[in-house]
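# Working through the structure, step by step
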Amino acid sequence: MKNSIKYIALFAAAAVLVSCENEFDESIEDGGVYTAGEADFTKFVSVGNSLTSGFADNALYLEGQQNSFPNIMAQQFELVGGGEFNQPLVNDNIGGLLFNGAQLPGFNTRLVLTANAMGPVGPSNIAGTPTTDISNVFDGPLNNFGVPGAKSFHLGASGYGNPQALPNANPFYIRFASTPDATIIQDAVDADGTFFTLWIGNNDILSYATSGGSGVDQNAANNTDPTTYGPNDITDDIVFASVYSGYVQALTANGAKGALINIPDVTSIPFFTTVPFAPFSPLNPDFAPQIPALNAFYADLNQAFTAFGYPERSVTFSTTAASPAVIFDETLDDITPQLTLALTPQFGPLAGLIAQQFGQIRPATANDLITFPTAPILGQVNQARFTQLTGAGVPAATAGLLSANGLTFALQDQSTLTPSEQASVSAAQAAYNATIAALAQANGLALVDARTALQGVAQGGVAFNGGTLTSTYASGGAFSLDAVHPTPRGYAFTANTVINAINATYGSTIPTVDIGQYKSVQPSNSVAQ
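Here the residue numbers are simple positions, counted from 1 along each chain's written sequence. With the structure being a predicted model, the display of local features is reserved for residues of pLDDT at least 70 and the display and counting of side-chain atom pairs for 80 or more, all residues being used for whole-chain, interface and lining totals. Hydrogens are left out, water is left out, and the side-chain values use all remaining heavy atoms of the structure.

In the annotation of an unreviewed UniProt entry, the chain is listed under the name G-D-S-L family lipolytic protein and assigned to Nonlabens agnitus.

Spelled out as structure tokens, the structure:
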């Protein structure tokens, strides 16, 4: 079956919104107009994760770093006495990383938007060979301490930049750690900034969300030992508060002023809002002819669901409206044993194997979030399941029928974020933000409400000189092609949000930038084969 949504209409308007050139055009050049207020921007230090580094399009590349929000801010700070801003720049615009000459697995080249004669097609990795080798450690003075992938407790973790600790160390920090046993926060403190930004905590919930809640909510587990956490776990609120308060204390110990940036609602990003819960349209010529057969297939199962007391699990594909995807939900009662008995007359000894895939399924609802990487597999044959079934003796035609992703083979845990999983994310985010707000107030620091700012982008968009910035994938201008990280235009919007909070707190008059002068998604047909 052809992909029934084919990235839907993700790219319908992308071609006309691929943006104008970024000229870093500060509209006003008279430094005498602006004032620093109560803050001193002589030496600006920025600490955080990928959002601070300029990561975009699923990679760290030169142009992304040049458009990081701290670098944009630093250029504005020059108008009020700000000094040089140094970043650990990579070598190229390809992305990807090497270690001792060999490409690091999992660190691919950046994404670009490909197109054909009919228009934009979808994201693909740009062609080229990475040239940035993490064994070449950056040894110059630094101002940007953004490390992609870092969670809150990683900033204070000794050895996080030790190449001997790979794969548990962070390759991005290895590139500029002052020593193998250094910590990110100590390196940042040693930079002795007069002003700082701190934006950390997104990854403490994001990886759980993007993995479809496959990690552990350590708040529910009451686990305050982060050395035992898995990569997709939610960080315990107490752990977050403890390490975060320590970072603020360290960064302000020399009298520096700064801005603390809170955590946005990660479920409002395109990674969770692009694929609808009901992706199967009867107007799709590839899908429509299959509806009768699919409904016939589910007829007996629906009777069984009702007989066992679970009529809400019944699956029916509409001929007049889009139909929900079928999803696996681990919170449901497992009725595999009952289904096995019901299917035995038809499938004999294979009944248990077949019943297993329907024991905890249901149609998705508007309250479920389907993850972005699921889009290209919807309606496709799940090869692993097909192989498992045929290997067990199921005829190929039947195995194919039973292996259609989201139709007969439920979308698995990593493809969906259910309401209970969303609640875990939301609760942790609220706790983190309460900590951040309290520490900003207690220390007289600016509080940047990134959560509200992103809500504005996601709910109707934010007008700028030349258009409206929205979170719509590929065409909205705010988010890059990985559906998580901003474009240069999105980072410019972030810089403005931070600058406005700084001005409001310290009485400064730093000008914001014209975000229309910054790029959005980038097209290219020079892609890896």
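Looking now at the pattern of salt bridges. The rule for a salt bridge is simple: a side-chain nitrogen of Lys or Arg has to be within 4 Å of a carboxyl oxygen of Asp or Glu. Under the definition given, this model contains 3 salt bridges. A salt bridge links Glu63 to Lys519, with the shortest nitrogen-to-oxygen separation between them at 3.0 Å. Of this pair, Glu63 sits in helix α2 (residues 62-66) while Lys519 sits in the segment after α17 (488-506), and the two are 456 residues apart along the sequence. On the accessibility criterion, Glu63 (14% relative accessible area) is buried. The buried category is assigned to Lys519, whose relative accessible area is 16%. The partner of Asp329 in a salt bridge is Arg362, with the nearest N and O atoms 2.8 Å apart. With Asp329 in the loop between β9 (326-328) and α11 (336-347) and Arg362 in strand β10 (residues 361-363), the pair connects residues that are 33 residues apart, well separated along the chain. Judged by relative accessible area, Asp329 falls into the buried class, the value being 5%. Strands here are runs of E lasting at least two residues and helices are runs of H or I lasting at least four, both read from the DSSP assignment and numbered beginning at the N terminus. Here the term buried applies to any residue with accessible area under 20% of the maximum for its type, exposed to any over 50%, and partly exposed to those in between, with areas from a 1.4 Å probe on protein chains only.

Here the residue pair Leu166 and Pro167 is connected by a cis peptide bond, since its omega of 10° sits within 30 degrees of zero. Along the chain, the position of Pro167 falls in the loop between β6 (144-146) and α4 (171-174). The backbone of Asn222 shows a phi angle near 55°, a positive value even though the residue is not glycine. Positionally, Asn222 belongs in the loop between α7 (218-221) and α8 (237-252). On the basis of relative accessibility, which here comes to 64%, the residue Asn222 falls in the exposed class.

The subject of this paragraph is the side chain of Asn203. With respect to the helices and strands, Asn203 occurs in helix α6 (residues 203-210). Here the side chain of Asn203 touches Ala150 through a polar contact of 2.9 Å, landing on its backbone oxygen. With near-sequence residues (within four places) excluded, Asn203 lies in contact with Asn49, Gly149, Ala150 and Lys151. Any pair of N or O atoms that falls within 3.5 Å is considered a polar contact. Within protein, one atom must be able to donate a hydrogen and the other to accept it, and sequence-neighbouring residues count only if both atoms are side-chain atoms. Any two residues whose heavy atoms approach within 4.5 Å at even a single point are treated as in contact.

Moving on, we get to helix α16 (residues 450-458). Taken together, the buried positions of α16 are Ala450, Ala453, Leu454 and Val457. Viewed along the axis of α16, the buried residues span an arc of 95°, placing them on a single side of the element. Looking one or two places after α16, you find Gly460, whose phi comes out positive at around 100°. Throughout, the arc means the angular range of directions from the helix axis out to the C-beta atoms.

In this section: the confidence of the model for the chain. Per-residue confidence for the chain gives a mean pLDDT of 92; residues scoring 70 or more make up 94%. Looking at any residue, its pLDDT shows the predictor's confidence there, from 0 to 100. Low pLDDT (under 50) marks residues 1-31, which in the prediction has 80 contacts with non-local residues, meaning those over four places away or in another chain.

On to helix α13 (residues 383-391). Given 3.6 residues per helical turn, the α-helix brings residues three or four places apart onto the same face. A distance of 3.3 Å separates the backbone nitrogen of Ala384 from a side-chain oxygen at the start of α13, and that oxygen is part of Asn382. Following α13 by one or two positions, Gly393 adopts a phi angle in the positive range, close to 105°.

Running from N to C, α6 and helix α15 (residues 419-443) cross one another at 170°; their axes reach a closest spacing of 10 Å. When the axes of α6 and α15 are compared, the pair comes out roughly antiparallel. Along its contact with α6, which presents Asp204, Ile205, Tyr208 and Ala209, the element α15 presents Glu421, Ser424, Val425, Ala428, Gln429 and Tyr432. The class makeup of the residues in the contact of α6 with α15 is 6 nonpolar, 2 polar and 2 charged. Working convention: axes come from line fits to C-alpha atoms, limited for helices to the stretch in contact. Angles between N-to-C directions cover 0 to 180 degrees. To sort the angles, those under 35 degrees are grouped as roughly parallel, those over 145 as roughly antiparallel, those from 65 to 115 as roughly perpendicular, and the leftovers as oblique. Put simply, Ala, Val, Leu, Ile, Met, Phe, Trp, Tyr, Cys and Pro go in the nonpolar bin, Asp, Glu, Lys and Arg in the charged bin, and everything else, Gly too, in the polar bin.

This part takes up the domain arrangement of the chain. Domain start and stop positions are those given by an automatic or database domain assignment. Each assigned domain of the chain is listed with its residue range as follows: domain 1 (44-266 + 421-521) and domain 2 (288-323 + 326-363 + 369-417). Relative to domain 2, the C-alpha centre of domain 1 lies at a distance of 39 Å. In this complex, domain 1 contributes 12 residues to the contact, which on the side of domain 2 involves 8 residues. When the two sides are added together, the surface that domain 1 and domain 2 hide from each other amounts to roughly 730 Å², 61% of it contributed by carbon and sulfur. As a working definition, buried area equals the accessible area (1.4 Å probe) given up by two parts on being put together, with both sides summed. The largest contributions to the domain 1 side of the interface with domain 2 come from Gly212, Glu421 and Gln422, which together make up 52% of the buried area. Where domain 1 packs against domain 2, one counts 1 residue pair in polar contact (both at pLDDT 80 or more). Of all the elements in the fold, those that place two or more residues in the side of domain 1 that touches domain 2 are α6 and α15. By residue number, the principal contributor to the side of domain 1 that touches domain 2 is α6, which donates 3 residues. Taken together, the residues of the side of domain 1 that touches domain 2 sort by class into 5 nonpolar, 6 polar and 1 charged.

The nonpolar side chains of a soluble globular protein tend to be buried, and buried together. The biggest cluster of nonpolar side chains holds 109 residues, and the ones touching the most others in it are Leu198, Leu260 and Ile502. Looking at this core element by element, the count peaks at 9 residues for α17. Of the domains in this structure, domain 1 (44-266 + 421-521) and domain 2 (288-323 + 326-363 + 369-417) are the two that each give at least three residues to this core. Among buried residues, the Ala, Val, Leu, Ile, Met, Phe, Trp, Tyr and Cys ones that are joined through side-chain atoms within 4.5 Å form a nonpolar core. Core analysis: the next-biggest nonpolar cluster, separate from the first, contains 36 residues, Leu294, Phe297, Ile335 and Val394 among them.

Moving on, we come to the sheet that holds strand β7 (residues 195-199). Here we have 5 strands laid out as an open sheet, ordered β6-β1-β7-β8-β13, and parallel in their pairing. Pairing within the sheet leaves two strands with one partner each, and these edge strands are β6 and β13 (446-448). Neighbouring strand axes in the sheet, compared pairwise and without regard to direction, differ in orientation by 15° on average. Pairing of strand β8 (residues 257-261) with β13, which is carried by 3 bridges, proceeds in the parallel orientation. Along β13, the bridge assignment pairs Ile261 with Val448. Across the sheet, helix α3 (residues 69-77) is in contact with β1 (44-48), β6, β7 and β8; its angle to β1 comes to roughly 165°. A pair of strands is considered paired only if DSSP assigns at least 2 bridges between the two.

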